[in-house]
Amino acid sequence: MGAVGRNGTLVNSFFIDAAPTRGFGSRDRETDTKDTAAMDLVIFLPLLIVMGAFMYFASRRQKKAMQATIDLHNSLEVGDRIHTTSGLQGTITALGDEYVDLEIAPGVVTTWMKLAVRDRIVDGADEVDDVEDDDFDEATEITESRNTKTDS
């Protein structure tokens, strides 16, 4: 004996009656769905925590770098030697709110955006310790030695 399905086809009632009404074991389908959702949350939660921590520390580092750049731009003065983001070195001859004039060669002045200033060039004399000439007298001479692997 057959029954009529939703789309109008005949369905054998033997298979419908023989189908189990409960899932695996004694648990029903609703409990399985809740357990699966809880398991997905347990797996997904650590991933969210790791991603959140990464984004927090990345944005923190970016904020520090941006603040350092702002501090540099605010501390620029006429006469400072600087590097631009394109690698050009120059001396500041004039400052504006958004622009700086750089002397890149004697008598050659170009106008740049302040955002193009990467860093200030610090004189090497201030940073380098005075090296005495006596240190060079004790240098060791490098002589050629025989390479046992290639020389026969």
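Procedures and definitions
Residues numbered from 1 in each chain as written. Predicted model: local features only at pLDDT ≥ 70, side-chain atom pairs only at ≥ 80, totals over all residues. Heavy atoms only, no water. Helix = DSSP H or I, 4+ residues; strand = E, 2+ residues; numbered from the N terminus. Buried < 20%, exposed > 50% of the residue type's maximum accessible area, 1.4 Å probe, protein only. Contact = heavy atoms within 4.5 Å. Areas by Shrake-Rupley, 256 points an atom, 1.4 Å probe, with all protein chains shown as cover. Phe/Tyr/Trp six-rings, centres within 6.5 Å; stacked < 30°, edge-to-face > 60°. Lys, Arg positive; Asp, Glu negative; His and termini not counted. Salt bridge = Lys/Arg side-chain N within 4 Å of Asp/Glu carboxyl O. Pairing = 2+ DSSP bridges. Axes fitted to C-alpha atoms, helices over the stretch in contact; angles between N-to-C directions. Polar contact = N/O pair within 3.5 Å; in protein donor to acceptor, adjacent residues only side chain to side chain.

Caption draft 1: Representation of the overall build of the protein within the structure. When you go through the protein residue by residue, the secondary structure sums to four helices and seven strands. Buried residues in the protein amount to 10% of all 152 residues. Of the contacts formed within the protein by residues at least 6 apart in sequence, a portion of 31% connects residues at least 24 apart. With an accessible surface of roughly 13400 Å², the protein has 57% of that area assigned to carbon and sulfur atoms.

Caption draft 2: Representation of the packing of aromatic side chains. The full count for this structure, using the stated rule, is one aromatic pair. Geometrically, the ring pair formed by Tyr-56 and Phe-57 is edge-to-face, given 5.2 Å between the ring centres and 70° between the ring planes. Note on Tyr-56: relative accessible area 48%, which makes it partly exposed. Taking the relative accessible area as the measure of exposure, Phe-57 reaches 47% and is therefore partly exposed.

Caption draft 3: Main features of the environment of Ile-92. Residue position: Ile-92 is located in strand 4 (residues 89-95). Ile-92 sits in the buried class, given a relative accessible area of 1%. Not counting the four nearest positions on each side in its chain, Ile-92 is found in contact with Leu-76, Glu-77, Val-78, Gly-79, Asp-80, Ile-82, Asp-101 and Leu-102.

Caption draft 4: Seen up close, the environment of Ile-70. Structurally, Ile-70 is set in helix 2 (residues 29-75). Taking the C-alpha atoms as reference, Ile-70 lies 9.9 Å from Lys-114; in sequence the two are 44 residues apart.

Caption draft 5: Examining the side chain of Lys-114 more closely. Here Lys-114 is to be found in the loop between strand 6 (108-113) and strand 7 (117-120). An unpaired buried charge is present at Lys-114: no salt bridge exists, and Asp-97, the closest side chain of opposite charge, is 6.0 Å distant. Residues within four places of Lys-114 in sequence aside, it is in contact with His-73, Leu-95, Gly-96, Asp-97, Glu-98, Tyr-99 and Val-100.

Caption draft 6: Seen up close, the pattern of salt bridges. Scanning the model with the defined rule gives two salt bridges in all. Here Asp-119 and Arg-118 are joined by a salt bridge, their closest N and O atoms 3.9 Å apart. Since its relative accessible area comes to 28%, Asp-119 is described here as partly exposed. Looking at Arg-118, the relative accessible area reads 44%, which means it is partly exposed.

Caption draft 7: Structural detail: the sheet that holds strand 3 (residues 81-84). The strand order 6-5-4-3-7 describes an open sheet built from five strands, whose pairing is antiparallel. Pairing within the sheet leaves two strands with one partner each, and these edge strands are strand 6 and strand 7. On average, adjacent strands in this sheet sit at an angle of 45° to one another, irrespective of strand direction. Across three bridges, strand 3 lies against strand 7 in antiparallel orientation. In the strand pairing of strand 7, Thr-84 is matched with Val-117.

Caption draft 8: How the structure looks around the pairing of strand 6. Pairing analysis gives six bridges linking strand 5 (residues 99-105) to strand 6, with the strands arranged antiparallel. Looking at the pairing, Ala-105 lines up with Val-108 of strand 6.

Caption draft 9: Layout of the side chain of Thr-84. Its location among the elements puts Thr-84 in strand 3. Thr-84 sits in the buried class, given a relative accessible area of 0%. A polar contact is formed between the side chain of Thr-84 and the side chain of Ser-86, at a distance of 3.1 Å.

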